[in-house]
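Listed below are the residues making up each chain.
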Amino acid sequence: MKVIIQIPCYNEEATLPRTVHDLPRELPGVDEVEILVVDDGSCDRTREVAEALGVDHIVRLKRNQGLAYAFMAGLEAALEAGADIVVNTDADNQYRGEDIERLIRPLLEGEADIAVGDRDVSTVEHFSPVKRLLQRWGSWVVEKAAGITIPDATSGFRAFTREAAMRLTVLSDYTYTLETLIQAGARRMAVSYVPIRTNPQVRESRLMRNIPHFLTISAITILRFYAMYRPLRLFLSLGGGMIAGGFLIGIRFLYYFVTGPGTGRVQSLILAAILIIVGFQVCLIGLMADLVRLNRKMLEEALYRTRRVELNIDRERPFE
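Below or above, wherever it landed, is the structure these notes cover. In this text the structure is predicted, and so the values were computed from the model without any measurement.

## Notes on the overall build of the chain
Here is step 1 of the chain: For the chain, the count of helices and strands is 10 helices and seven strands.
Here is step 2 of the chain: Each of the 320 residues in the chain was classed as buried or not, and the buried ones make up 48%.
Here is step 3 of the chain: A separation threshold of at least 6 residues defines the contact pool for the chain, and within that pool the share at least 24 residues apart is 74%.
Here is step 4 of the chain: On the chain, roughly 16200 Å² of surface is accessible, and the fraction owed to carbon and sulfur atoms is 57%.

Right, dumping it as structure tokens:
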């Protein structure tokens, strides 16, 4: 049983030593623990610091690709290195290394495919009241989109079984946290949330420039991937609402046409016709999008099987 702890980094020479020193080198029920650093095109000495710290693996990206790309690069490298469980943590030492034992326990016991550290954002001291509110609201929205219980959607402290890691495909350029949860819900993976503690903040978040930027990017990400994985539900709801609205306006027109002088209110009739026509078109778009979803599902299965062949995975290995 091998656990690989991956750390995506971008200009983290100052915080990386503290993060690495805090990570465990032995875990109960685990034979090997290795550390993998993903240097996302850093401009400082992140790579040299990682080498000096003696980490087991270093993935070097030639230029900055963003957190989501670095996360997937680390995941692929960990799988190639033979990881049975991949743990992801942040380079700013936000999460405590001693909590990794607790984080991977549901995976070792076969209760979950993915485990996510729950920070209990309402109690995190360095979160402002507005950020706490947004975190809770965002988690609720992602929970509805994914169809699974999600108390902390943006936590980057996560553990994946080998099987779950091979089935993940992150397409976002911004972050992996929201998309992977929506994927997990769509693919009916077992997701477990584990209470964790956090360390004092050492720097501001690089993903959240300001609250409007965070809200905009998060909303676009949730809507995009909800439409990708549940298009029929989304488009039929929109189209059905427009058709229902058109029929109601049409009934109103007929009522006044019959009980009134029989003239006027043509605008209502035109609006009703537009809503019904556009509503049917939106429903048709939903059907087409669902066909695309089924095609993408087959491509994802083909990609998964290709990964198994490339990594020479034996189905008798743990978690599979």
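## Considerations on the packing of helix H9 (residues 231–259) against helix H10 (residues 266–311)
Here is step 1 of the chain: In the contact formed by H9 and H10, the axes pass within 7 Å of each other and the chain directions differ by 165°. The pairing of H9 with H10 is recorded here as roughly antiparallel in orientation. Where H9 crosses over H10, the handedness of that crossing is left-handed.

## Focus: the sheet that holds strand S2 (residues 32–40)
Here is step 1 of the chain: Taken in spatial order, the seven strands make up an open sheet running S3-S2-S1-S4-S6-S5-S7, and their pairing is mixed. Edge positions in the sheet fall to strand S3 (57–61) and strand S7 (191–195), since each of these pairs with one other strand and no more. On average, adjacent strands in this sheet sit at an angle of 20° to one another, irrespective of strand direction.
Here is step 2 of the chain: As paired strands, strand S5 (residues 114–118) and S7 are joined by five bridges and run parallel to one another. Bridge pairing in S7 links Ala115 to Ser192.

## Some details on the nonpolar core
Here is step 1 of the chain: Counting residues in each nonpolar core, the largest one holds 45 residues, and the members touching the most others are Leu75, Val142 and Ile150.
Here is step 2 of the chain: Of all the elements in the fold, those that place two or more residues in this core are S2, S3, helix H3 (67–80), S5, helix H5 (129–146), helix H6 (162–167), helix H7 (177–186) and helix H8 (211–229).
Here is step 3 of the chain: If you tally residues by element for this core, the top one is H3, at nine residues.
Here is step 4 of the chain: Excluding residues within four positions of it along the chain, Leu75 makes contact with Gln6, Val86, Phe160, Ala165 and Leu168.
Here is step 5 of the chain: In terms of nonpolar packing, the next biggest core, distinct from the first, is built from 29 residues, Ile5, Leu16, Val30 and Phe157 among them.

## Observations concerning the pattern of salt bridges
Here is step 1 of the chain: A full pass over the atoms with the stated rule returns 18 salt bridges.
Here is step 2 of the chain: Glu163 is paired through a salt bridge with Arg167; the nearest N and O atoms lie 3.5 Å apart. On the criterion of helical spacing, the pair formed by Glu163 and Arg167 is a turn pair, its members being four residues apart in helix H6.
Here is step 3 of the chain: For Arg187, the salt bridge identified is with Glu300, shortest N-O distance 2.8 Å.

## Thoughts on the pairing of S5
Both faces of the sheet carry side chains from a regular strand, because those side chains alternate between them.
Here is step 1 of the chain: Across the five residues of S5, five count as buried, placing the element largely inside the fold.
Here is step 2 of the chain: Burial along S5 is two-sided: Ile114, Val116 and Asp118 and Ala115 and Gly117, pointing in opposite directions, are all buried.
Here is step 3 of the chain: Note that S5 and strand S6 (residues 158–161) share three bridges and pair antiparallel. Bridging across to S6, Val116 finds its partner in Arg158.

## Topic: the layout of surface pockets
Here is step 1 of the chain: Roughly 480 Å³ of volume is contained in the second largest pocket.
Here is step 2 of the chain: Forming the walls of the second largest pocket are 20 residues, and the residues nearest its centre are Ala186, Arg187, Arg188, Arg293 and Lys297.
Here is step 3 of the chain: Looking at the lining of the second largest pocket, the elements that each hand over two or more residues are H6, H7 and H10.
Here is step 4 of the chain: In terms of residue count, the dominant contributor to the lining of the second largest pocket is H10 (eight residues).
Here is step 5 of the chain: For the lining of the second largest pocket, the residue count by class is seven nonpolar, three polar and 10 charged.

## Topic: the packing of aromatic side chains
Here is step 1 of the chain: Scanning the model with the defined rule gives five aromatic pairs in all.
Here is step 2 of the chain: Aromatic pair Tyr255 and Tyr256: ring centres 5.3 Å apart, planes at 75°, arrangement edge-to-face.
Here is step 3 of the chain: Each residue in the set Phe71, Phe160 and Tyr176 is aromatic and connected to the rest through ring pairs, giving one cluster.
Here is step 4 of the chain: The cationic tip of Arg167 hangs over the ring face of Tyr304; the distance from NZ or CZ to the ring centre is 3.8 Å.
Here is step 5 of the chain: Between Arg296 and the ring centre of Tyr229, over which it is positioned, the NZ or CZ distance is 4.8 Å.

## Some words on the environment of Val20
Here is step 1 of the chain: As for its position among the elements, Val20 is in helix H1 (residues 16–22).
Here is step 2 of the chain: C-alpha separation for the pair Val20 and Leu36, spaced 16 residues apart in sequence, amounts to 9.9 Å.
Here is step 3 of the chain: When neighbours within four sequence positions are excluded, Val20 is seen to be in contact with Ile7, Ile35, Leu53 and Val55.

## Examining the pairing of S2
Here is step 1 of the chain: Most of S2 sits out of view: eight of its nine residues are buried.
Here is step 2 of the chain: Sheet analysis places strand S1 (residues 2–9) next to S2, joined by eight bridges and oriented parallel. Following the sheet pairing, Ile7 is matched in S2 by Val37.
Here is step 3 of the chain: The β-α-β motif built from S1, the intervening H1 and the parallel element S2 has right-handed crossover chirality.
Here is step 4 of the chain: The pairing of S2 with S3 spans five bridges and is classified as parallel. When the bridges of S3 are listed, Val37 appears paired with Ile58.

Procedures and definitions
- Residues numbered from 1 in each chain as written.
- Predicted model: local features only at pLDDT ≥ 70, side-chain atom pairs only at ≥ 80, totals over all residues.
- Heavy atoms only, no water.
- Helix = DSSP H or I, 4+ residues; strand = E, 2+ residues; numbered from the N terminus.
- Buried < 20%, exposed > 50% of the residue type's maximum accessible area, 1.4 Å probe, protein only.
- Contact = heavy atoms within 4.5 Å.
- Areas by Shrake-Rupley, 256 points an atom, 1.4 Å probe, with all protein chains shown as cover.
- Axes fitted to C-alpha atoms, helices over the stretch in contact; angles between N-to-C directions.
- Parallel < 35°, antiparallel > 145°, perpendicular 65-115°, else oblique.
- Left-handed = near helix turned anticlockwise from the far one by under 90°.
- Pairing = 2+ DSSP bridges.
- Core = buried A, V, L, I, M, F, W, Y, C linked by side-chain atoms within 4.5 Å.
- Salt bridge = Lys/Arg side-chain N within 4 Å of Asp/Glu carboxyl O.
- 1 Å grid on protein atoms, 1.4 Å probe; cavity = no way out; pocket = protein on both sides within 12 Å on 5 of 7 lines; lining within 4 Å.
- Points joined across faces, edges and corners; volume = space filled by probe spheres on them.
- Nonpolar A, V, L, I, M, F, W, Y, C, P; charged D, E, K, R; others polar.
- Phe/Tyr/Trp six-rings, centres within 6.5 Å; stacked < 30°, edge-to-face > 60°.
- Lys NZ or Arg CZ within 6 Å of the ring centre and 35° of its normal.
- Right-handed = clockwise from strand over helix to strand, strands pointing away.

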